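# A closer look at the structure
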Amino acid sequence: MAPSPAASYYRATATPYEAYAPLLGKTDARVVIIGGGFAGLHTALGLAERGVRDVVLLEKEQVGFGASGRNGGFVFGGYSLGEQTLLDQRGEAAAQALFGLTTQAVDRIRDLTRRYAIPCDVVDEGVIWANWFRDPNVLRQRQELLAKHYGVSWEWLSQHELRGRIHTTRYFDGLYERNALHLHPLNFAIGLAGAAASQGVRIHENTDAWQLKRDGLRWRVETAQGSVHADQVVLACGGYLAGLRRQVDRAILPIATYVMVTEPLGDRMADILETRSAVYDTRFAFDYYRPLPDGRLLWGGRISVRDRSPKSVQRLLMADLLRVFPQLKGVRVDYAWSGLMSYARHQMPQIGSTPDGLWWAQAFGGHGLAPTCAAGELLASAIAENDGRWKQFADYGLDRTYRPFGYLGAQASYWWQQGKDWFKTRLEG
């Protein structure tokens, strides 16, 4: 599943920066991080902020190349695993603590963008969860669950209120999550890299880490033109596997998701939206979208084991868009792309370590911006301060996904859930 080479809207509008030179020759570090996405960048910055600046970060492509620079840009609390299942599995206290890590991460992301003056088009106006179905129970149940067990309040939006903000008859009512925002994720990644580099972190782009092995009491990472000796190693490669540790790589499924961006809509934006909030719906196979500062609409959705061409992505997503906003018929799409996210069978992030100083953070499964921030903070605190809070994820280990057969199971599960959504929609008429 090779990544699509097509440029995304994010890449086309990326903040210019001086590229980080590839690693040449041998070097030493206290910590080497492999992967320049959000998990790796938050770890690097978290270490630097704690006084650990002897850090090297290696990225095979450019910072934010993978899912971190291709996603919908939503920043909100929670995980791919639903809140009720998390509560059932872990009990109230542990579930609250885990969920709280992500709501704290939302606040940290706000703070980082302000403190480091990262130009990433932050829109701090919440997220709307719009009900695709007539039955309001799914909204009521989640609203009550969040308030009772997690101390989180989501505002009810009646059908009249919702349709005043989102001009479609496709939705019936909704919930408004105020403690959420959306942003330009690639520019956020570029800003995090700049903040880390300004504090001494050595970042090397276009540097493929092809071998990881023990060398006495330390680790050695071999690259195409150099090597790094380090006391500790962090693997943060997401869906773009490094092939350095089999037990880490085989614990995830790299799954594709699709995104497109329209031409600037001008006055047509008011035909569909009178809100700056980001939106997603209540189906398992939901659409997600948000207005962009330059008047375009970003639209995403679907998951698949196939990393499709831009043309195929546009065809699929345009059909989805017109089901919600038929008034946009004929609108031009300027960008369409796909990218790979990492999923675990248990639907929770995998954050862990071995006694000899190997760490990993992966499997953020489409909920990435807040959980990757939380993971980076946990790893940085563990490495710099011997903080054991990362052990809250110990129950969500490196369960094997059995690729390639796991792909068949994931796709079959997606189709099954998609079929249930379709059948419920038909029943409601």
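Residues numbered from 1 in each chain as written. Predicted model: local features only at pLDDT ≥ 70, side-chain atom pairs only at ≥ 80, totals over all residues. Heavy atoms only, no water.

Next up on the list: the pairing of strand E10 (residues 218-223). Here E10 lies mainly inside the structure; five of its six residues are buried. Where strand E9 (residues 209-215) lies against E10, six bridges are found, and the strand directions are antiparallel. Across the sheet, residue Gln211 finds its bridge partner in E10, namely Glu222. The hairpin formed by E9 and E10 contains two residues between the paired strands, and Gly216 there has a positive phi angle of roughly 70°. (Buried < 20%, exposed > 50% of the residue type's maximum accessible area, 1.4 Å probe, protein only. Helix = DSSP H or I, 4+ residues; strand = E, 2+ residues; numbered from the N terminus. Pairing = 2+ DSSP bridges.)

Another aspect to go through is the packing of aromatic side chains. Across all of its chains, the model carries 20 aromatic pairs by this definition. Ring geometry for Trp129 against Trp154: centres 6.4 Å apart, planes inclined by 75°, an arrangement best described as edge-to-face. On the criterion of sequence distance, the pair formed by Trp129 in strand E4 (residues 127-130) and Trp154 in the loop between helix H5 (137-150) and strand E5 (155-157) is long-range, its members being 25 residues apart. An aromatic cluster is built from Phe74, Phe76, Trp129, Trp154, Tyr280, Phe286 and Tyr288, whose rings are joined through pairwise contacts. One Lys or Arg, Arg142, reaches over the ring of Trp129 and ends 4.5 Å from the middle of that ring. Positioned above the aromatic ring of Trp132 is the side chain of Arg283, whose terminal nitrogen or guanidinium carbon lies 3.6 Å from the ring centre. (Phe/Tyr/Trp six-rings, centres within 6.5 Å; stacked < 30°, edge-to-face > 60°. Lys NZ or Arg CZ within 6 Å of the ring centre and 35° of its normal.)

Next up on the list: the confidence of the model for the protein chain. Caution applies to low-pLDDT regions: their predicted coordinates should not be interpreted in detail. Here the protein chain shows a mean pLDDT of 92. Residues at 70 or above account for 93%. Note on residues 1-5: pLDDT is under 50 here. Beyond four places in sequence and across chains, it has 15 contacts. (pLDDT = per-residue confidence, 0-100. Contact = heavy atoms within 4.5 Å.)

What follows concerns the packing of helix H3 (residues 83-90) against helix H4 (residues 92-115). At a closest axis distance of 7 Å, the pairing of H3 and H4 adopts a crossing angle of 135°. Taken together, the axis directions place H3 and H4 in an arrangement best described as oblique. For the crossing formed where H3 meets H4, the hand is right-handed. The segment H3 lies against H4, with Glu83, Leu86, Leu87 and Arg90 engaging Glu92, Ala94, Ala95, Leu98 and Phe99. Considering only residue class, the contact of H3 with H4 consists of six nonpolar, no polar and three charged. (Axes fitted to C-alpha atoms, helices over the stretch in contact; angles between N-to-C directions. Parallel < 35°, antiparallel > 145°, perpendicular 65-115°, else oblique. Left-handed = near helix turned anticlockwise from the far one by under 90°. Nonpolar A, V, L, I, M, F, W, Y, C, P; charged D, E, K, R; others polar.)

On inspection of all chains with the given rule, the structure shows 27 salt bridges. Between Arg50 and Glu377 there is a salt bridge; the shortest N-O distance is 3.1 Å. Remark: Glu377 occurs in helix H11 (residues 369-385) and Arg50 occurs in the loop between helix H2 (38-49) and strand E2 (55-58); sequence separation between them is 327 residues. The network of salt bridges with common partners includes Glu49, Arg50, Arg108, Asp111, Arg115, Glu377 and Glu385. (Salt bridge = Lys/Arg side-chain N within 4 Å of Asp/Glu carboxyl O.)

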